[in-house]
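So you can see what is in the structure, the chains are spelled out below.
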Amino acid sequence: LYPYQRKILLEVFMKLFNFTLCIFICFTTLANGHDFTFKHVTIKHPIIPVFGQKMKTAAGYMTVSNSSNQPEKILAVKTNFAKAMFHESSVDGNGVARMKHIDEVLIPPNSSIQFEHGGLHIMFIRLEEQLEPYVDQMVTLIFEKAGEIEITFMVEASNKEYKMDMDHSKDN
């Protein structure tokens, strides 16, 4: 190859390399773009699925990780769009699902807690307005040691049908 050809090949290679690097950085940022890290707490993919119009309640799901060597507690949850509280679902021997109000959530040292359908979740009751897909909601979690962190819950249209006979007689 002539020197000017090497120079052109090197320039093309560098442009291609820079473009590939830029794409890689963008995709890794987007892939982790819905995670929140604050001190020793990481919150992954907080979502509120919506199942149609005229919902009076909703549930919030996420994974919360504690990377410290000490236990952490989520003491409370606050939001402007509804009354929010922690609930844990269970199903009795007759197939009736029940929810129990939980005052606080313990996250053991170097562990994660899953907030999911059919288990621990944030219950949003008395919605101020209808939740719309792609209109995210701000929620504040109050931790014992880490303090307050405001996170964005993605509101997503759900394609799943959850058929549960819920007993709300003990809801606050």
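The residue numbers shown here count from 1 along each chain, following its written sequence. With pLDDT at 70 or above as the cut-off, local features in this predicted model cover only qualifying residues; side-chain atom pairs require 80 or more to be listed or tallied, and sums for whole chains, interfaces and linings still use all residues. In computing side-chain values, all of the structure's heavy atoms are included and hydrogens and water are not.

Undergrad: Looking at this structure, how should I read the overall build of the protein?
TA: Starting at the N terminus, helices and strands are each numbered in turn, a helix being any DSSP run of H or I of at least four residues and a strand any DSSP run of E of at least two. A tally of helices and strands in the protein yields 1 helix and 12 strands. Along the protein, helices and strands appear, N-terminal first, in the series α-β-β-β-β-β-β-β-β-β-β-β-β. A 1.4 Å probe rolled over the protein chains alone gives each residue an accessible area, and that area as a share of the maximum for its type sets the label: buried under 20%, exposed over 50%, partly exposed in between. Split into buried and exposed, the 172 residues of the protein put 35% on the buried side. Using a 1.4 Å probe, the Shrake-Rupley method yields the accessible areas, and only the shown protein chains count as cover for residues. As displayed, the protein has an accessible area near 11100 Å², and 56% of this comes from carbon and sulfur atoms.

Undergrad: What is the right way to read the pairing of strand S9 (residues 120–125) from this model?
TA: The side chains of a regular strand alternate between both faces of the sheet. Counted residue by residue, S9 has 6 buried out of 6 residues, so it is predominantly covered. For two strands to be treated as a pair, DSSP must find at least two bridges joining them. With 4 bridges connecting them, strand S3 (residues 57–66) and S9 associate as antiparallel partners. What sits directly across from Thr57, in S9, is Ile125. Here 6 bridges tie strand S5 (residues 83–91) to S9, and the two strands are oriented antiparallel to one another. Paired with Phe86 across the strands is Ile122, a residue of S9.

Undergrad: Which parts of the structure should I look at to understand the nonpolar core?
TA: Definition of nonpolar core: a set of buried residues of the types Ala, Val, Leu, Ile, Met, Phe, Trp, Tyr and Cys, connected through side-chain atoms within 4.5 Å. Among the nonpolar cores identified, the biggest contains 33 residues, and Ile43, Phe115, Ile122, Phe124, Leu141 and Phe143 are the most heavily contacted of them. Look past the residues within four positions of Ile43 in its chain and what remains in contact with it is His34, Asp35, Phe36, Met62, Thr63, Val64, Leu141, Phe143, Ile149 and Ile151. Whether two residues are in contact is decided by their heavy atoms: any pair within 4.5 Å suffices.

Undergrad: Is there a simple way to explain the environment of Ala97 in this structure?
TA: Relative to the helices and strands, Ala97 resides in strand S6 (residues 97–102). You can call Ala97 buried: its relative accessible area is 1%.

Undergrad: Honestly, the pattern of salt bridges in this entry has me stumped. Any pointers?
TA: Two side chains of opposite charge can pair, provided their charged atoms sit close to one another. Only one rule defines a salt bridge in this text: a Lys or Arg side-chain nitrogen within 4 Å of an Asp or Glu carboxyl oxygen. Enumeration according to the criterion identifies 4 salt bridges in this entry. Arg98 is the salt-bridge partner of Asp92, the closest N and O atoms lying 3.5 Å from each other. Take Asp92: its relative accessible area is 26%, and that puts it in the partly exposed class. Classification of Arg98 by relative accessible area gives partly exposed; the value is 36%. When the shortest N-O distance is used, the salt bridge between Lys145 and Glu144 registers 3.8 Å. Residue classification places Lys145 among the partly exposed residues on the basis of a relative accessible area of 43%.

Undergrad: Explanation requested: unusual backbone geometry in the structure shown.
TA: Of all residues except glycine, most have a negative phi; of all peptide bonds, most are trans. At Asn110, a residue that is not glycine, the phi angle is positive and equals roughly 50°. Secondary-structure assignment places Asn110 in the loop between strand S7 (105–107) and strand S8 (111–115). Its identity as a non-glycine residue notwithstanding, Arg126 has a phi of 50°, on the positive side. Secondary-structure assignment places Arg126 in the loop between S9 and strand S10 (137–143). With a relative accessible area of 51%, Arg126 lands in the exposed category.

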